[in-house]
Protein chains: 2
Amino acid sequence: MTSISIIGSGNMARAIGALAVQGDNTVEIISRDAAKAAALAGALGKGVTTGTWGSAPAGDIVILAVLFDSAAPIVSRFGDALAGKIIVDITNPFNATADGLAIPENTSVAQEVAKAAPADAKVVKAFNTVFGHVLEKGQTLDVFFAGDDTQAKAHVSKFIESLGLRPLDVGGLKMAHWLEGAGLVLMGVARYGAGNFDIALGVTKVPG
Amino acid sequence: MTSISIIGSGNMARAIGALAVQGDNTVEIISRDAAKAAALAGALGKGVTTGTWGSAPAGDIVILAVLFDSAAPIVSRFGDALAGKIIVDITNPFNATADGLAIPENTSVAQEVAKAAPADAKVVKAFNTVFGHVLEKGQTLDVFFAGDDTQAKAHVSKFIESLGLRPLDVGGLKMAHWLEGAGLVLMGVARYGAGNFDIALGVTKVPG
């Protein structure tokens, strides 16, 4: 069981929050709009609490379920309130037409979040390759993740398992760039290959 | 049934060639080393022919099964011999440690191949997200592909199906950059997430 705080109150916050509650994790919702946080917390179940914008989150894992261009600024805004936390960046920096990334090629949102975070916070990229509405279907999906801190990744991996999902470590935080690109590949398949968005990216074992 | 030429005589040439023969396609092998081409053609079966290095390939689809840094130079070397062909770039421009790409961020091997190719040739990126030894197991795998020409993509898609594989269109040729990145994600999962290379990247339908 993990104690998590979700910053955000949109679709991904709801989808991850619902699975986290089902998985017996302790869940706190934090939103710039306190009424939205309260509404989502209420919808998720009676054990779910709300936190205060800019104050220290209650959770050990803090999930940034916000628009990509708010992610690093929000982490800066929280500042030392995030000291010692594991920060999970789930964002997709899609450009306006979702066929390219709106972030320089030599970085990623996750790496920018790491620059903005307190020195002892650990950043993990995860969940950006799953669509929120697909997550809500409650099936076992693959969740790719990347990060530089082994312990933080182990904690996030265990949390992902508690959601009934399959964690897949892809390496260090610089792989976040390619996970953000994998989000584009998933979008491309949805548009061109599958013709719909009821799909998930994953890895299959093909035994010898 | 498609007529294909494979430039190359390594693992991927053998894996794709074997499936192509099984799928009743006409297969030609072209290698800088004529003896290697003859050996692979012989191993693939008696209908398989060899072509001449630098001359017009017999196949409508020409598969570049070479190292990534040879791809564009070889296409330049063949020059007008590739006029009107569909060129399939399957390469992965991994850096020496296979945790980044050894090609500038604003392009891809496939786009460099397109620049080197005759004006009326069509370039499609495909097969770079499958491991050759996994392909040889003969299971149904997902083959992501990208390209700018609709007809060329339809032809490649049909060819992929003839191999018993599932084609997944991800969009225009500029998506080749992100497919090359998806190759890195697959490598990352093999090393860190799965702990072995007997895996395949794919997309699952998650119906409503």
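Residues numbered from 1 in each chain as written. Chains lettered and ligands numbered in written order. Predicted model: local features only at pLDDT ≥ 70, side-chain atom pairs only at ≥ 80, totals over all residues. Heavy atoms only, no water.

### A short note on the sheet that holds strand 7 (residues 142–147) of chain B
Residues and elements named next belong to chain B. Cut-off, in case you're wondering: Note: two strands are recorded as paired if DSSP finds a minimum of 2 bridges between them. In this text, helices come from DSSP runs of H or I with a minimum length of four residues, and strands from runs of E with a minimum of two, each type numbered from the N-terminal end. Working rule for contacts: check all heavy atoms of both residues, and any pair within 4.5 Å makes them a contact. Only the stretch in contact is used when fitting a helix axis, every axis being a line fitted to C-alpha atoms; angles between N-to-C directions are given from 0 to 180 degrees.
The eight strands lie next to each other as 3-2-1-4-5-6-7-8, forming an open sheet whose pairing is mixed. The open sheet has two edge strands, strand 3 (49–50) and strand 8 (166–169), and neither has a second partner. Helix-sheet contacts for helix 3 (residues 68–78) involve strand 1 (3–7), strand 2 (26–30), strand 4 (61–64) and strand 5 (86–89), and the interaxial angle to strand 4 is about 140°. In the packing of helix 7 (residues 176–193) onto the sheet, the strands contacted are strand 5, strand 6 (122–126) and strand 7, and the crossing angle to strand 7 comes to about 150°.

### Details of the packing of aromatic side chains
Worth spelling out the cut-off: In this scheme Phe, Tyr and Trp rings, the latter by its six-membered ring, pair at centre separations within 6.5 Å, and the angle between planes marks the pair as stacked below 30 degrees, edge-to-face above 60, and tilted otherwise. Only protein chains enter the accessibility calculation, which uses a 1.4 Å probe; a residue whose area is less than 20% of its type maximum is buried, one above 50% is exposed, and one in between is partly exposed. In this scheme, Lys NZ or Arg CZ marks a charge over a ring once it lies within 6 Å of the ring centre and within 35 degrees of the ring normal.
Per the stated rule, a full pass over the model turns up five aromatic pairs over all chains. Between the aromatic rings of A:Trp178 and B:Trp178, the centroid separation amounts to 5.8 Å while the plane-to-plane angle is 55°, which identifies the pairing as tilted. Of this pair, A:Trp178 sits in helix 7 (residues 176–193) while B:Trp178 sits in helix 7, placing the two residues on different chains. Overall, the relative accessible area of 5% leaves A:Trp178 in the buried class. The ring of B:Tyr192 carries the charged tip of A:Lys153 above its face, separated from the ring centre by 5.9 Å.

### Topic: the relation of the copies chain B and chain A
The test is simple: A least-squares superposition brings the copies together, and it is based on the C-alpha atoms of residues with pLDDT no lower than 70 in both.
When chain B is fitted onto chain A, the two copies agree to an RMSD of 0.0 Å after a turn of 180° and an axial shift of 0.0 Å. Here the two chains are linked by the operation of a two-fold rotation axis. Both copies share a contact surface, since 100% of the interface residues of chain B are interface residues in chain A too.

### Some thoughts on the UniProt feature "domain: Pyrroline-5-carboxylate reductase catalytic N-terminal" (unreviewed entry) in chain A
Put simply, the test is: UniProt positions are given in the numbering used here, feature names are shortened, and annotations may be inferred rather than shown by experiment.
In the numbering adopted here, UniProt assigns the feature "domain: Pyrroline-5-carboxylate reductase catalytic N-terminal" (unreviewed entry) to residues 4–93 of chain A. A helix fraction of 38% and a strand fraction of 21% characterise residues 4–93 of chain A, whose end C-alpha atoms lie 23 Å from each other.

### Remarks on the interface of chain B and chain A
Selection criterion: Defined in terms of a 1.4 Å probe, buried area is the accessible area two parts forfeit on being brought together, summed over both. Note on definitions: salt bridges are taken to be side-chain nitrogens of Lys or Arg within 4 Å of carboxyl oxygens of Asp or Glu. We define a polar contact as two N or O atoms separated by no more than 3.5 Å, with the added condition that, inside protein, one atom must be a possible hydrogen donor and the other a possible acceptor, whereas residues neighbouring each other in sequence contribute only through side-chain atom pairs.
Taken together, the 35 residues of chain B in the interface contact 35 residues of chain A. Of the roughly 3100 Å² buried where chain B meets chain A, counting both sides, 68% is carbon and sulfur surface. Scanning the region where chain B abuts chain A turns up two salt bridges. A:Lys174 is the salt-bridge partner of B:Asp99, the closest N and O atoms lying 3.5 Å from each other. For the pair chain B and chain A, the interface holds 13 residue pairs in polar contact (both at pLDDT 80 or more). Contributions of two or more residues to the side of chain B that touches chain A are made by strand 8, helix 7 and strand 9 (199–205) of chain B. A total of 10 residues in the side of chain B that touches chain A trace back to one element, the largest contributor, which is helix 7 of chain B. In this sheet, strand 9 of chain B lies alongside strand 9 (residues 199–205) of chain A in antiparallel orientation, the contact comprising seven bridges. Bridged to A:Ile199 within strand 9 of chain B is B:Lys205.

### What about helix 1 (residues 11–22) of chain B?
Counted only if it meets this: Helix span is expected to be 1.5 Å times the residue number reduced by one.
With 12 residues, helix 1 of chain B should cover 16 Å at 1.5 Å per step; its first-to-last C-alpha distance of 17 Å lies within 8% of that length. Buried within helix 1 of chain B we find B:Met12, B:Ala13, B:Ala15, B:Ile16, B:Gly17, B:Leu19 and B:Ala20.

### Quick notes on the sheet that holds strand 6 (residues 122–126) of chain A
All names here are of chain A. Within the open sheet, the eight strands sit side by side as 3-2-1-4-5-6-7-8. Their pairing is mixed. What marks the edges here is a single partner per strand, and that holds for strand 3 (49–50) and strand 8 (166–169). Set on the sheet, helix 6 (residues 150–162) makes contact with strand 1 (3–7), strand 4 (61–64), strand 5 (86–89), strand 6, strand 7 (142–147) and strand 8; between it and strand 7 the angle comes to about 165°. Its contacts with the sheet place helix 7 against strand 5, strand 6 and strand 7, and it is angled at close to 150° to strand 7.

### Side note on empty space enclosed by the protein
Selection rule: Both site types are read off a 1 Å grid over the protein atoms alone. A 1.4 Å probe that fits but cannot get out defines a cavity, while an open set with protein on both sides within 12 Å along at least five of seven lines defines a pocket; lining residues have an atom within 4 Å of a point. Grid points are joined across faces, edges and corners, and a volume is the space filled by probe spheres set on the points. Note on residue classes: Ala, Val, Leu, Ile, Met, Phe, Trp, Tyr, Cys and Pro are nonpolar, Asp, Glu, Lys and Arg are charged, and everything else, Gly too, is polar.
Inspection of the entire model under this criterion finds one cavity of 30 Å³ or more. As a volume, the largest cavity reaches approximately 30 Å³. Taken together, A:Ala182, A:Val185, A:Leu201, B:Ala182, B:Val185 and B:Leu201 make up the full set of residues lining the largest cavity. At the level of secondary structure, the elements contributing two or more residues to the lining of the largest cavity comprise helix 7 of chain A together with helix 7 of chain B. For the lining of the largest cavity, the per-class residue count stands at six nonpolar, no polar and no charged.

### As for the environment of A:Ser5
Residue and element names in this part refer to chain A. Within the secondary structure layout, Ser-5 lies in strand 1. Classification of Ser-5 as buried rests on a relative accessible area of 0%. Contacts of Ser-5, omitting those with residues within four sequence positions, involve Glu-28, Ile-30, Pro-57, Ala-58, Gly-59, Ile-61, Val-62 and Ile-63. Side-chain polar atoms of Ser-5 contact the backbone nitrogen of Gly-59, separated by 2.8 Å.

### As for the nonpolar core
What counts is decided by this rule: Residues grouped as a nonpolar core are buried Ala, Val, Leu, Ile, Met, Phe, Trp, Tyr and Cys residues, joined through side-chain atoms within 4.5 Å.
One finds A:Phe127 and B:Phe127 to be the most contacted residues of the largest nonpolar core, which totals 162 residues. Non-local contacts of A:Phe127, meaning those with residues more than four positions away in its chain, are made with A:Met12, A:Ile16, A:Val88, A:Ile90, A:Leu135, A:Val143, A:Phe144, A:Phe159, A:Ile160, A:Leu163 and A:Leu165.

### Here we look at the side chain of B:Ser108
All names here are of chain B. Looking at where Ser-108 falls in the secondary structure, it is placed in the loop between strand 5 and helix 4 (109–116). The class of Ser-108 is buried, set by a relative accessible area of 0%. Within polar-contact distance, the side chain of Ser-108 engages the side chain of Gln-111 at 2.6 Å. When sequence neighbours within four positions are dropped, the list of residues in contact with Ser-108 reads Ile-103, Leu-173, Ala-176, His-177 and Glu-180.

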